[in-house]
Amino acid sequence: QEVDAEEAMRDVEAIIAPLLRKGVKLVNNVRGVPKIRGDAGRITQILMNLVQNAVKFTAKGQVVVGACVGPEERTVEVSVRD
């Protein structure tokens, strides 16, 4: 099935945002990428794991999640920066 990465990240953001420590901000920059072919639940779980891990090890500042089309234009690359 086709999965909207922007929508999946919004779902993750809605779950994670209330759990953020004071002084930590989650920035969702996942925009303008094509739909991903795969299992929606698994893709959301992967995003959740990446974001949770970054949030867990960020005491203060931002966790920035982004996505772009990969070099072969057949993939989407997701980045998480803390």
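A quick note: this is a predicted structure, and the numbers were derived from the prediction, not measured.

Draft legend 1. View of the pairing of strand S4 (residues 61-69). When strand S2 (residues 24-29) meets S4, the two strands line up parallel, connected through six bridges. Opposite valine 24, over in S4, you have glycine 61 as the bridge partner. The sheet contact formed by S4 and strand S5 (residues 76-81) spans six bridges and is antiparallel. When the sheet's bridge partners are listed, cysteine 68 is paired in S5 with glutamate 77. The turn linking S4 back onto S5 is made up of six residues, and glutamate 73 within it adopts a positive phi angle of 60 degrees.

Draft legend 2. A look at the side chain of asparagine 28. Among the secondary structure elements, asparagine 28 is positioned in strand S2. At 3.3 Å, the side chain of asparagine 28 and the side chain of glutamate 13 are in polar contact. Contact partners of asparagine 28, with chain neighbours within four places excluded, come to Met9, Arg10, Glu13 and Val65.

Draft legend 3. Focus on the nonpolar core. Core analysis: the largest hydrophobic core is formed by 20 residues, its most contacted members being Met9, Val12, Ile16, Leu26, Val30 and Val51. Only helix H1 (5-16), S2, helix H2 (40-56) and S4 provide two or more residues apiece to this core. Broken down by element, this core gets its largest block of residues, six residues, from H2. When residues no more than four places from it in sequence are discounted, the contact partners of valine 12 are Thr44, Leu47, Met48 and Val51.

Rules used throughout
- Residues numbered from 1 in each chain as written.
- Predicted model: local features only at pLDDT ≥ 70, side-chain atom pairs only at ≥ 80, totals over all residues.
- Heavy atoms only, no water.
- Pairing = 2+ DSSP bridges.
- Helix = DSSP H or I, 4+ residues; strand = E, 2+ residues; numbered from the N terminus.
- Polar contact = N/O pair within 3.5 Å; in protein donor to acceptor, adjacent residues only side chain to side chain.
- Contact = heavy atoms within 4.5 Å.
- Core = buried A, V, L, I, M, F, W, Y, C linked by side-chain atoms within 4.5 Å.
- Buried < 20%, exposed > 50% of the residue type's maximum accessible area, 1.4 Å probe, protein only.

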